[in-house]
Amino acid sequence: QKSMNTNFIFLKGWNEDKHELKFGGSFNYDNFDESFNDSAFARAEVIPGAYLEYTFRVKEKFSAVAGFRYDYNSKYGSFYTPRLHLKYNPTDKTVLRLTGGRGYRAANVFTESSTLMASSRTVNVLEELDAEVSWNYGISASHQFKILGRDASVYTSFYRTDFENQVVVDLDESAFLANVYNLVGVSYSNSLQVEFGIEPVKRFQIKAAYKWNDVQMTTAGKLRTKQLVKQHKILTTFSYATNFNKWQFDLSTHVHGPSRIPMTAFSPSTQSPWHFTMNMQVTKRFKWFELYVGAENLTNFMQKDAIIAADDAYG
């Protein structure tokens with residue numbers, strides 16, 4: 001891959017920066033040289049663009065950022081990208097955010113799906129792949145407060161993405177094929193996240209987070225849960241630092257929910273099981289450098305039968 005990126009920005013603020021206007025131009029060049037099974041997937045993209053962004057602020061209470069950009073991609077054509085961000089602080093301890101807009105990208109199938117190289121599936125790119133285009137929007141809120149005199153915080157967010165087009169890596173049509181094509185049908189994702197943090201004693205922090213993913217994609221003509229995406233995730237972290245941060249001790253636990261297993265001719269299961277992993281790290285800080293030692297997967301969790309028919313390598 002060879003890339004070049006240039007960006008020109010003009011910024012003007014007035015009325016004590018209550019208003020701010022930003023506009024300019026950009027030029028991006030990407031050249032990908034990729035081959036797979038004697039087929040070449042090289043492409044070059046020349047992308048000139050222009051953008052405009054306006055910001056409105058009311059002291060520390062409210063801000064709104066509205067932006068619009070136009071890009072011309074030499075391979076995929078014109079793209080219009082609007083975006084809006086709103087932020088409101090009802091109190092100095094509470095922040096509300098609302099965001100929405102459109103985005104696009106070009107997918108690099110083999111780089112992004114390198115795990116296919118470790119399977120016996122035949123990869124078929126069925127058509128010329130278009131750029132991925134989506135609308136995404138969401139809301140989030142954070143609040144700081146005290147519990148028994150100790151600092152605590154809570155954060156929650158919900159985001160949704162709707163795809164106009166998506167590059168689909170379909171593992172559901174056959175156990176022996178991986179078909180790659182442009183989306184035909186519906187694809188969307190919903191994501192809900194809740195976090196809680198507290199410092200029960202000085203320099204000891206506890207954080208807990210839960211994330212729910214609902215990711216649906218049309219594959220083989222049917223809308224279904226996207227393969228290998230965990231629907232539930234739970235994270236807890238414990239961190240303690242000594243005086244002047246000379247030593248720090250961190251322990252994290254990850255609880256992984258089930259994910260859908262794509263079609264195989266031999267798999268007795270359609271979902272992966274719930275499981276959890278633990279990591280730890282000890283850090284020693286010196287004046288000019290730091291040393292740390294850590295360990296991952298302390299519970300030694302391993303996937304059962306990670307490779308189907310491992311005793312028949314050429315089967």
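Structure's up top.
From a predicted model like this one, the values you see are computed outputs, not experimental measurements.

Student: Help me understand the overall build of the protein chain in this model?
Tutor: Along the protein chain, the regular secondary structure elements total one helix and 20 strands. With the C-alpha coordinates aligned to their principal axes, the bounding extent of the protein chain is approximately 65 × 50 × 40 Å. For the protein chain, the residues scored as buried account for 33% of the 315 residues in total. Excluding contacts between residues fewer than 6 apart, the proportion of contacts in the protein chain whose partners are at least 24 apart in sequence is 53%. For the protein chain, the accessible surface area stands at approximately 20,100 Å², while carbon and sulfur atoms represent 59% of it. Each charge class in the protein chain was averaged separately, 35 positive and 32 negative side chains, and the resulting centres sit 11 Å apart.

Student: Is there a simple way to explain the nonpolar core in this structure?
Tutor: Nonpolar side chains in soluble globular proteins generally cluster together in the buried interior. Listed in full, the twelve residues of the largest apolar core are Phe36, Ala107, Val109, Phe110, Leu116, Val123, Leu129, Val167, Val169, Leu171, Ala178 and Val180. Among the elements of the structure, α1 (109–112), β12 (167–170) and β13 (177–182) are those that each provide at least two residues to this core. Not counting the four nearest positions on each side in its chain, phenylalanine 36 is found in contact with Phe41, Phe110, Met117 and Val123. Among the nonpolar cores identified, the runner-up in size contains five residues, and Tyr76, Phe79, Ala131 and Val133 belong to it.

Student: Looking at this model, I keep getting lost on the pattern of salt bridges. Mind explaining?
Tutor: Pairing is possible between side chains of opposite charge, provided their charged atoms come close. Here the structure, examined in full by the defined rule, presents 13 salt bridges. Glutamate 20 serves as the salt-bridge partner of arginine 57, at 3.6 Å between the closest nitrogen and oxygen. With a gap of 37 residues between them, arginine 57 in strand β5 (residues 43–58) and glutamate 20 in strand β2 (residues 19–32) connect regions that are remote in the sequence. By relative accessible area, arginine 57 is classed as partly exposed at 30%. The partner of arginine 285 in a salt bridge is glutamate 290, with the nearest N and O atoms 3.3 Å apart. Classification of arginine 285 by relative accessible area gives partly exposed; the value is 26%. Residues joined in a network through salt bridges with shared partners are Arg105, Glu112 and Glu132.

Student: Would you take a moment to explain the packing of aromatic side chains for this structure?
Tutor: When we look at a pair of aromatic rings, we describe it by the centre distance and by the angle of the planes. In this structure the tally under the stated criterion is eight aromatic pairs. Their ring planes at 10° and their centres at 6.3 Å tell us that tryptophan 247 and phenylalanine 249 sit as a pair that is stacked. Using a relative accessible area of 37% as the deciding quantity, one classes tryptophan 247 as partly exposed. Taking the centre distance of 4.8 Å and the plane angle of 20° together, the rings of phenylalanine 286 and phenylalanine 289 count as stacked. The exposure class of phenylalanine 289 is partly exposed, given its relative accessible area of 47%.

Student: Help me understand the pairing of β13, please; the structure alone is not making it clear to me.
Tutor: Taken residue by residue, a regular strand's side chains alternate between the two faces of the sheet. Of all six residues in β13, five are buried, a share of seventy percent or more. Sheet analysis places strand β9 (residues 122–125) next to β13, joined by four bridges and oriented parallel. Of the residues in β13, the one forming a bridge with threonine 122 is leucine 177. Pairing between β12 and β13: four bridges, direction antiparallel. Paired with valine 167 across the two strands is asparagine 182, which belongs to β13. Taking the residues that link successive antiparallel strands as the turn, the β12-β13 hairpin has six residues.

Student: Just checking my understanding: could you explain the pairing of strand β20 (residues 290–295) for this structure?
Tutor: In terms of burial, β20 is largely open, as just zero of its six residues are buried. With six bridges joining them, strand β19 (residues 275–285) and β20 adopt antiparallel strand pairing. Each residue of the ladder has a partner; that of methionine 280, found in β20, is alanine 295. Hairpin connection between β19 and β20: a loop of four residues separates the two successive antiparallel strands.

The rules behind each value
Residues numbered from 1 in each chain as written. Predicted model: local features only at pLDDT ≥ 70, side-chain atom pairs only at ≥ 80, totals over all residues. Heavy atoms only, no water. Helix = DSSP H or I, 4+ residues; strand = E, 2+ residues; numbered from the N terminus. Buried < 20%, exposed > 50% of the residue type's maximum accessible area, 1.4 Å probe, protein only. Contact = heavy atoms within 4.5 Å. Areas by Shrake-Rupley, 256 points an atom, 1.4 Å probe, with all protein chains shown as cover. Lys, Arg positive; Asp, Glu negative; His and termini not counted. Charge placed at Lys NZ, Arg CZ, Asp CG, Glu CD. Core = buried A, V, L, I, M, F, W, Y, C linked by side-chain atoms within 4.5 Å. Salt bridge = Lys/Arg side-chain N within 4 Å of Asp/Glu carboxyl O. Phe/Tyr/Trp six-rings, centres within 6.5 Å; stacked < 30°, edge-to-face > 60°. Pairing = 2+ DSSP bridges.

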